[in-house]
Amino acid sequence: MLNRNRMVRIGLLVLFLVVQTIMTIYAYFHLNEENAGYFKFDALGVIFMCVLTILSYTTIYHSFIYLQHRKDSSRSQSFYFAALIILIIVMTCAYLASHLGIMWVFIELTTLSVAVLIYHERTPLSLEATWKYVFICSIGITITFIGIILLSIAIGETEITNFSFKAIPDQLLHVNASWLKMIFLFMIVGFCTKMGLFPMHTAAIDAHTVAPPPISAFISTTLMNVGFVSIFRTYSMFAHTSILPWMNMILFSCGLISIIVSAAYLLKVNHLKRMSAYSSIEHMGLAAIGIASGGIGYFAAIFHMVLHAFVKASVFYQIDQFHRNFRTYMINETGNYFNRNLAGAMVFLLILIAIIAMPPSGLFVTEFWIFKALFTSAHFFIFVLALFFLSIAMYCLAKNFLHILFNQTKDLLPAAEKPDPSETWSQYFLLALVFYLGINPPAAMINLIQEAVKNLR
Amino acid sequence: MTNILLITFVISLIYMGIANRLSTYINILAVQGIILFGVSFIELIQINTVNLIFILFETIVFKTIAIPLFLNYIIKKNHIVREAQPFLPDFLSVVIITCIILGSFILSNVITGVHIRKIFFLAAISGLLSGLFIIITRKKVVTHIMGYLVIENGVFILSLSTGNKMTMLVNTGITLDIFVSVLVLGVFVNRIGNTFEEMNVDNLTNLKD
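This write-up is about the structure you can find in this document. Note that the structure is a prediction, hence the values are computed from the model and not measured.

Now for the overall build of chain B. A count of helices and strands for chain B gives seven helices and zero strands. The linear arrangement of helices and strands in chain B, starting from the amino end, is α-α-α-α-α-α-α. Scored against the burial criterion, the 209 residues of chain B give a buried share of 40%. Within chain B, contacts between residues at least 6 apart in sequence are counted, and of these 74% link residues at least 24 apart.

Another point: the overall build of chain A. When its secondary structure is counted, chain A shows 18 helices and two strands. Its C-alpha radius of gyration of 21 Å places chain A within 12% of the 23 Å reference for a compact globule of 457 residues. Pairs at least 24 apart in sequence give 80% of the contacts found in chain A among residues at least 6 apart.

On to the interface of chain B and chain A, then. Between chain B and chain A, the contact holds 33 residues from the first and 37 residues from the second. Sorting the residues of the side of chain B that touches chain A by element identifies α6 (141–160) and α7 (168–195) of chain B as the ones contributing at least two each. The biggest single contributor to the side of chain B that touches chain A is α7 of chain B, with twelve residues. In terms of residue class, the side of chain B that touches chain A is made up of 18 nonpolar, ten polar and five charged.

Further remarks concern the packing of helix α14 (residues 342–355) of chain A against helix α17 (residues 425–439) of chain A. All names here are of chain A. Two numbers describe how α14 lies on α17: the axes approach to 11 Å, and their chain directions differ by 25 degrees. Put simply, α14 runs roughly parallel to α17. Where α14 crosses over α17, the handedness of that crossing is left-handed. Between α14 and α17, the residues in contact are Val-347, Leu-350, Ile-351 and Ala-354 and Gln-427, Tyr-428, Leu-431 and Val-434, respectively. Within the contact of α14 with α17, the residues separate by chemical class into seven nonpolar, one polar and no charged.

Let us now look at unusual backbone geometry. Residues and elements named next belong to chain A. Residues other than glycine seldom take positive phi values, yet Asn-336 does so here, at roughly 55 degrees. With phi around 65 degrees, Ala-378 is a residue other than glycine that occupies positive phi space. With respect to the element layout, Ala-378 can be found in the loop between α15 (362–376) and α16 (380–406). Residue class for Ala-378 comes out exposed when judged on the 10 C-beta atoms lying within 10 Å of it.

Residues and elements named next belong to chain A. Counting 230 residues, the largest nonpolar core has Ile-47, Ala-94, Phe-106, Ile-118, Ile-302 and Ile-351 as the members making the most contacts within it. Considering every element that reaches this core, the biggest residue donor is helix α12 (residues 296–326), with 19 residues. Residue contacts for Ile-351: discarding those within four places in its chain leaves Val-311, Ser-314, Val-315 and Leu-431.

A word on the packing of helix α5 (residues 124–154) of chain A against helix α8 (residues 202–210) of chain A. Residues and elements named next belong to chain A. The interhelical angle for the contact between α5 and α8, taken along N-to-C directions, is 150 degrees, at an axis separation of 9 Å. When the axis of α5 is compared with that of α8, the two are roughly antiparallel. For the crossing formed where α5 meets α8, the hand is left-handed. Here α5 contributes Leu-125, Ser-126, Ala-129, Lys-132, Tyr-133, Ile-136 and Cys-137 to the contact with α8, which in turn contributes Ala-203, Asp-206, Ala-207, Thr-209 and Val-210.

What follows is about the environment of Ser-113 of chain A. Residue and element names in this part refer to chain A. Along the polypeptide, Ser-113 turns up in helix α4 (residues 100–118). Sequence separation of Ser-113 and Gly-45 is 68 residues, and the distance between their C-alpha atoms is 20 Å. With residues near it in sequence (within four places) discarded, Ser-113 still touches Ala-83, Ile-86, Leu-87 and Val-90.

Moving on, we come to the environment of Ile-355 of chain A. All names here are of chain A. Within the secondary structure, Ile-355 is located in helix α14. Among the residues examined, Ile-355 registers 26 C-beta atoms within 10 Å and is labelled buried. Sequence-wise, Ile-355 and Leu-307 are 48 residues apart; in three dimensions their C-alpha atoms are separated by 9.7 Å. Apart from the residues within four sequence positions on either side, Ile-355 is in contact with Ser-279, Val-311, Leu-363 and Leu-397.

All right, on to the environment of Leu-352 of chain A then. Residue and element names in this part refer to chain A. Examined against the element boundaries, Leu-352 turns out to sit in helix α14. Judged by the 20 C-beta atoms lying within 10 Å of it, Leu-352 is buried. Not counting residues within four places of it along the chain, the set of residues in contact with Leu-352 comprises Leu-397, Ala-398 and Phe-401.

The rules behind each value
Residues numbered from 1 in each chain as written. Chains lettered and ligands numbered in written order. Predicted model: local features only at pLDDT ≥ 70, side-chain atom pairs only at ≥ 80, totals over all residues. Helix = DSSP H or I, 4+ residues; strand = E, 2+ residues; numbered from the N terminus. Buried ≥ 20, exposed ≤ 12 C-beta atoms within 10 Å, placed from the backbone. Contact = placed C-beta atoms within 7 Å. Rg over C-alpha atoms; globule rule 2.2 N^0.38 Å. Nonpolar A, V, L, I, M, F, W, Y, C, P; charged D, E, K, R; others polar. Axes fitted to C-alpha atoms, helices over the stretch in contact; angles between N-to-C directions. Parallel < 35°, antiparallel > 145°, perpendicular 65-115°, else oblique. Left-handed = near helix turned anticlockwise from the far one by under 90°. Core = buried A, V, L, I, M, F, W, Y, C linked by C-beta atoms within 7 Å.

Dropping the structure here:
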């Protein structure tokens, strides 16, 4: 009976992955086609849809490993995968939505479906994190909704109100600037809950800490991409109005404070998953700064989000293996990972190189572009501050990762489980992708990103 | 008539500041549901019938009956102490909520250039901020949901002021979302009640650096 359930589950998941892949390929070849009036295969959506499809394969694979080791009941496994599939579908819809209200609905739905997954382990801690996540995200999304209503009041003087992203910018041209500022502020604060930017970053951190590692990988990458897409679309909507410099200032402060906060917490963090979560906050801050500095910054921000997704996903997949070996996430209780699990330790080493943006890594290229954009737009003060706090963050990440890899303390607990090197192929694949895309980005991808930012120049 | 109803709504916010018992909070929420019913009935009478029935159904059945019953059920089931246990003295709460209302009054008089009825804007913004204030200053998890519902009521008033600009489909989706999120919050409150002895936010402070 159990075996049959398992077979059915695998069959359905494979079917789902095939459909998702076909959808992605279809979307790529039908770029800029409108579907059903509310969805559009535009370049920005398709880029992040591709990232999501690639990561769905690895996340489902690692979810299988995770659930197998936890020995969950068949029922709770089915629950897990059902919620995971709903989450993937909802995120795809949120990327592709071409209507503000529809995007809002799907962003709200991501909160609800990911809540089930965060609560999977059923411990008091996971209950606390799920409660905080759902509550803060609900309030955030309500604040965004207020922004949307204010927007509809502002453009309501024309007869027909059209809320598609294509039609909104033209209707905004005659609206009073202080009203526009208020709308932008409400909408950004709400979307920050999803992206994990400064005023609302706390919910995501706690969710990372207790969620199953494959789900943390999703929260930290594709779900933050949902936030990024929504902020990017909101920004492009307002980009042709008179409040552009003011918007840039807001995004600069959100981004810079995110980097400062993450650097401050990284200095004392001792929980490996929390550390990775703070590192995500730092990268989100960089992406926000990239958008705000304009020029090549738009391009760099999108590229940065794509590469960050691949790196951060592999971090969390490896953390799952790490946890099964040590039975703890606390960094100071672990060490000597090189002798315990060579394949996993190599992954951590490559991740360290990738995430602190050392040259062969693709993130080096994007961070270089972001700082170049900052420099050419003459924001020297922000340039210096961001660089300073970024180097603190890099130092902390390097210190902690090297502690895990090389600490030779004698009284470590014995390895709870013999690691299986074959579980690391997905991480090597994703990291290879990061290095390859940094050195030699394919022309198709460059064209897609350029298409996505062409309205902003 | 709309003005009187909206002013009653704002007064109910002040009353929430001094309410001690949880059942008073629930009653206030029910009364707010009726007020919203009245306002939407007066304002939206000229839109198409299906949409109107939908909105009236939402305010009466959902906001006035279903949610208060659901909250009562949660309180009974989890044996929650019937007092709100605010962190601040009542007097201060009233002063702060009054300041919020005054602030929204000033804000709604400052904005120019956009066609909006000031009383709606005032009621909505005071609802939003008072809801946030209640969430911050009350100790229980249930009162957090009540604060969230006050925010929702404020948003509802704001969306009434736009008339019927949003399409029906979007409206339905949004309502559905709010409905589901309240249900999800309720489910988790029950879980919190089962896991911890008391449903205070003090129990929810284990996740930190």
